There are 2 protein chains.
Amino acid sequence: MKLAVDAMGGDRAPQVIVEGALSAVQTWKDLEIVLVGDEQRIQPFLKAGHSRIHIRHTKEWITAEDEPVKSIRRKKEASMVLCGEMVKNGEAEALISAGNTGALMATALLIVGRMAGIERPALASILPTLAGKSVMLLDSGANMDASPQHLLDYAEMGYLYMNRVQHIDKPRIGLLNVGTEAAKGNQLTKQAYPLLEASDRIRFVGNIEARDLVSGEVDVVVCDGFIGNVVLKFYEGIGSGLLRELKSTFLANWRTKLGALLVKQEFKRMQKKFDYAEYGGAPMLGIEGICIKAHGSSNARAIHNAIGQAYECVKGNVVETIRELKHMGDDEPK
Amino acid sequence: MKLAVDAMGGDRAPQVIVEGALSAVQTWKDLEIVLVGDEQRIQPFLKAGHSRIHIRHTKEWITAEDEPVKSIRRKKEASMVLCGEMVKNGEAEALISAGNTGALMATALLIVGRMAGIERPALASILPTLAGKSVMLLDSGANMDASPQHLLDYAEMGYLYMNRVQHIDKPRIGLLNVGTEAAKGNQLTKQAYPLLEASDRIRFVGNIEARDLVSGEVDVVVCDGFIGNVVLKFYEGIGSGLLRELKSTFLANWRTKLGALLVKQEFKRMQKKFDYAEYGGAPMLGIEGICIKAHGSSNARAIHNAIGQAYECVKGNVVETIRELKHMGDDEPK
């Protein structure tokens with residue numbers, strides 16, 4: 001299996017990207033990786049190299065500040081764009097990038113291509129929960145406004161993903177809402193609820209409140225991309241904020257420093273539960289190929305896990321399964 | 001100044017309500033409180049009583065399970081309903097309740113009454129930030145769907161509230177969004193942005209991302225009531241979840257228990273920063289009277305602070321000021 005990895009995307013590229021790739025080929029023995037980027041900048045981290053890691057050289061890449069759609073149109077040789085083309089042409093089975101999220105969504109949509117039958121592909125973020133397992137939140141920012149039908153598409157794609165990639169038997173799907181009663185919510189959720197309830201392709205467990213998003217009661221949470229993105233950023237903001245707060249509490253004086261020393265080990269274990277690096281990246285679902293967005297501040301372990309996630313997506317035939325789902329839909333009486 | 005306090009609302013009523021009232025009349029010397037509720041259940045906590053605390057007896061109250069609009073119509077003698085009528089009739093200058101949120105919003109709207117010119121009153125929650133001060137989030141759940149004009153109303157009301165009650169000079173108003181650029185967001189925020197920017201009655205500082213909600217960069221955040229309620233519940237859910245997680249980390253073994261002992265004092269100080277009890281309740285803005293929703297799980301200190309908040313609202317002429325704002329609007333050329 002050959003995967004295309006954008007070596008130039010993310011805050012710590014190319015170093016952590018190369019290190020993550022090196023570690024990934026150790027873990028998955030039938031994996032080949034094409035690192036797309038500046039050979040001169042990649043090579044120092046690749047050291048002796050690896051027989052299953054190749055470089056596709058380019059001098060262009062997309063930065064965090066680049067305007068998404070414009071940049072992928074103008075920078076024809078950008079590493080992310082080349083990764084997209086490799087997936088489109090069948091040279092690679094998936095692409096992984098820690099670069100500009102908007103540009104990656106544009107690459108997925110405009111270069112790899114939207115799947116027929118899916119009007120709005122969704123960005124599906126995988127979040128840690130207090131229960132120590134992950135929950136998929138989609139759409140987490142691909143489309144700001146959604147229709148009830150879009151939410152149903154998200155639910156069906158999320159269900160298949162969690163089943164095929166995370167091997168969850170009958171994943172539980174929740175609709176993000178302000179209360180658990182069916183009649184609760186805004187226009188969108190009130191209309192989406194009966195559609196989700198009527199679908200026999202998913203296991204809809206009803207509305208869930210935001211507090212249950214982190215309790216691990218469901219496997220997939222669907223919502224429009226505006227609220228999904230707000231919730232995602234809020235989660236990251238609170239998480240990192242509280243962590244900073246705790247750290248400064250531990251550093252207050254000699255007593256607290258000694259206290260910190262005593263709880264260090266258990267505290268690290270708790271932190272690990274919330275470490276995004278353990279959970280892989282965010283797949284774009286509804287695309288004619290696997291596109292994984294790794295976190296911009298990914299370390300090598302996060303890149304390793306995002307590559308592993310792409311590997312599982314390919315093994316689990318995620319794209320084909322979602323495509324079949326939509327064809328099944330075409331045959332059904334309307 | 002006379003305030004009506006619903007003695008029967010909240011998880012720990014009437015005990016903490018009575019205790020909060022007793023402590024409030026100690027703090028504010030020109031304050032009289034009418035405790036509305038079951039005299040027999042109130043009296044034991046009132047002990048010797050206080051010359052500025054009165055009881056208005058009733059045998060009826062609204063429970064957390066009651067359907068909001070139905071219950072306030074059917075339970076004519078419910079403590080919360082009587083509080084609303086006292087404000088309506090001028091017998092009290094404000095009402096405070098820790099009871100059923102939906103029923104309190106219905107009481108505010110249908111009994112106290114909506115203010116002319118405000119199409120949609122908003123529930124305004126006061127949240128702690130990492131910076132150690134509070135931020136007002138509105139609408140946090142009164143109206144699920146909002147128009148751009150509603151968001152402008154929220155911004156103007158929030159601005160006046162923070163200025164008059166929290167004495168902030170030129171409070172900074174942010175629009176909750178997925179990015180800081182003006183063109184970001186969904187249909188609603190894209191249309192609301194220019195309205196907010198054009199208003200010379202507020203200090204609009206632009207879009208803010210959810211992560212900055214807790215960083216203390218703005219004083220007021222406006223959004224529709226659906227997303228506001230989701231964010232509010234998410235904040236509470238993560239906060240209490242992480243706290244539980246930390247506590248169990250501290251209890252893991254003898255080493256961590258000793259460590260916990262050493263950081264206890266500083267940890268409590270940090271916790272206090274995030275204690276909703278310190279921040280008062282959520283005022284309903286756009287109502288012809290002061291209505292404060294205290295947290296359902298309020299302790300006596302939270303009730304004391306919610307009463308103090310109502311006191312400041314009356315002193316600050318919040319209702320009159322918002323009413324004048326809308327009249328000013330009527331005179332302006334359209």
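Rules used throughout
- Residues numbered from 1 in each chain as written.
- Chains lettered and ligands numbered in written order.
- Predicted model: local features only at pLDDT ≥ 70, side-chain atom pairs only at ≥ 80, totals over all residues.
- Heavy atoms only, no water.
- UniProt positions renumbered as here; feature names shortened; annotations may be inferred.
- Helix = DSSP H or I, 4+ residues; strand = E, 2+ residues; numbered from the N terminus.
- Rg over C-alpha atoms; globule rule 2.2 N^0.38 Å.
- Buried < 20%, exposed > 50% of the residue type's maximum accessible area, 1.4 Å probe, protein only.
- Lys, Arg positive; Asp, Glu negative; His and termini not counted.
- Charge placed at Lys NZ, Arg CZ, Asp CG, Glu CD.
- Pairing = 2+ DSSP bridges.
- Axes fitted to C-alpha atoms, helices over the stretch in contact; angles between N-to-C directions.
- Least-squares fit on C-alpha atoms with pLDDT ≥ 70 in both.
- Contact = heavy atoms within 4.5 Å.
- Expected span 1.5 Å × (residues − 1).
- Buried area = accessible area lost by both parts, 1.4 Å probe.
- Salt bridge = Lys/Arg side-chain N within 4 Å of Asp/Glu carboxyl O.
- Polar contact = N/O pair within 3.5 Å; in protein donor to acceptor, adjacent residues only side chain to side chain.
- Phe/Tyr/Trp six-rings, centres within 6.5 Å; stacked < 30°, edge-to-face > 60°.
- Patch = residues over 30% accessible without salt bridge, like charges linked within 9 Å, V, L, I, M, F, W, Y side chains within 5 Å.
- Areas by Shrake-Rupley, 256 points an atom, 1.4 Å probe, with all protein chains shown as cover.
- Domains from an automatic or database assignment.

Looking up chain A in an unreviewed UniProt entry gives the name Phosphate acyltransferase, with the organism given as Fodinisporobacter ferrooxydans. Under the heading Catalytic activity (unreviewed entry), UniProt records this for chain A: "a fatty acyl-[ACP] + phosphate = an acyl phosphate + holo-[ACP]". In its Subcellular location (unreviewed entry) section, the UniProt entry covering chain A states "Cytoplasm".

1. Quick notes on the overall build of chain A
Tallying secondary structure elements over chain A gives twelve helices and eleven strands in all. In terms of C-alpha radius of gyration, chain A reaches 20 Å, essentially the compact-globule figure of 20 Å for 334 residues. Dimensions of chain A, computed from C-alpha atoms along their principal axes, come out at roughly 60 × 60 × 35 Å. Looking at the 334 residues of chain A, the share that counts as buried comes to 59%. Computed over 41 positive and 41 negative side-chain charges, the inter-centroid distance for chain A is 6 Å.

2. Overview of the sheet that holds strand E6 (residues 134-138) of chain A
Residues and elements named next belong to chain A. In spatial order, the strands read E3-E2-E1-E4-E11-E10-E5-E6-E9-E7-E8; together these eleven strands make up an open sheet with mixed pairing. One side of each edge strand has no neighbouring strand; the edge strands of this open sheet are strand E3 (53-57) and strand E8 (203-209). The average angle at which neighbouring strand axes cross in this sheet is 25°, direction not considered. In this structure, strand E5 (residues 122-128) lies alongside E6, joined through five bridges in antiparallel fashion. Bridged to Ile-126 within E6 is Met-136.

3. Some thoughts on the relation of the copies chain A and chain B
When chain A is fitted to chain B, the best match, at an RMSD of 0.0 Å, comes from turning it 180° and sliding it 0.0 Å along the axis. Here the two chains are linked by the operation of a two-fold rotation axis. Among all residues of chain A, the minimum C-alpha distance to the rotation axis is found for Gly-259 of chain A, at 1.9 Å. A shared binding surface is used by both copies, with 100% of the interface residues of chain A retained as interface residues in chain B.

4. Quick word on helix H11 (residues 300-315) of chain A
A rise of 1.5 Å per residue sets the reference length of H11 of chain A, with its 16 residues, at 22 Å; its end C-alpha atoms lie 23 Å apart and thus fit the reference within 8%. Looking one or two residues past H11 of chain A, Asn-317 of chain A carries a phi angle of roughly 50°, positive in sign.

5. Thoughts on the interface of chain A and chain B
Every contact between the two is made by 47 residues of chain A and, on the other side, 47 residues of chain B. Summed over both sides, the interface of chain A with chain B buries roughly 4500 Å², with 74% coming from carbon and sulfur. Summed over the three residues of chain A that lose the most area to chain B, namely Phe-226, Phe-234 and Leu-262 of chain A, the buried surface amounts to 16% of that side. In this structure, the connection of chain A to chain B is made through six salt bridges. A salt bridge links Lys-233 of chain A to Glu-209 of chain B, with the nearest nitrogen and oxygen atoms 2.6 Å apart. If you look at where chain A meets chain B, you find twelve residue pairs in polar contact (both at pLDDT 80 or more).

6. As for the environment of Glu-245 of chain B
In this structure, Glu-245 of chain B sits in helix H9 (residues 225-250). Separated by 137 residues in the primary sequence, Glu-245 of chain B and Ala-108 of chain B place their C-alpha atoms 38 Å from one another. Those residues in contact with Glu-245 of chain B that lie beyond four places of it in its chain are Leu-130, Met-270, Lys-273 and Phe-274 of chain A.

7. Quick word on the packing of aromatic side chains
All names here are of chain B. A complete count under the given rule lists nine aromatic pairs over all chains for this structure. The interplanar angle of 75° and the centroid separation of 5.1 Å between the aromatic rings of Tyr-193 and Phe-204 together place this pair among those described as edge-to-face. Taken together, the residues span a long stretch of sequence, with Tyr-193 in helix H7 (residues 187-198) and Phe-204 in strand E8 (residues 203-208) at a distance of eleven residues. Given a relative accessible area of 12%, Tyr-193 falls into the buried group.

8. A word on the side chain of Glu-266 of chain A
In this structure, Glu-266 of chain A sits in helix H10 (residues 254-273). Glu-266 of chain A sits in the buried class, given a relative accessible area of 8%. Sequence-distant contacts of Glu-266 of chain A, defined by excluding residues within four places in its chain, comprise Thr-249, Ala-252, Asn-253, Arg-255 and Thr-256 of chain B.

9. With respect to a nonpolar patch on the surface
Residues and elements named next belong to chain A. A contiguous nonpolar surface patch, about 220 Å² in accessible area, is contributed by Val-69, Leu-109 and Leu-110. One can find Val-69 in helix H3 (residues 68-74). Judged by its relative accessible area of 33%, Val-69 is partly exposed.

10. Considerations on the domain arrangement of chain A
The extent of an interface is frequently quoted as the accessible surface area lost upon association of the parts. All names here are of chain A. The domain architecture assigned to chain A consists of domain 1 (1-118 + 286-334) and domain 2 (122-279). Between the C-alpha centres of domain 1 and domain 2 the distance comes to 24 Å. If you look at the interface, domain 1 gives 26 residues, while domain 2 gives 18 residues. Of the roughly 1900 Å² buried at the junction of domain 1 and domain 2 (both faces included), carbon and sulfur atoms supply 58%. Area buried by domain 1 at its contact with domain 2 is led by Met-105, His-295 and Leu-325, which between them contribute 25% of it. For the interface between domain 1 and domain 2, the tally reads zero salt bridges. Counting the contacts that link domain 1 with domain 2 gives five residue pairs in polar contact (both at pLDDT 80 or more). Elements with a contribution of two residues or more to the side of domain 1 that touches domain 2: helix H5 (101-113), H11 and helix H12 (318-331). Among the elements that take part in the side of domain 1 that touches domain 2, H12 stands out by supplying seven residues, more than any other.

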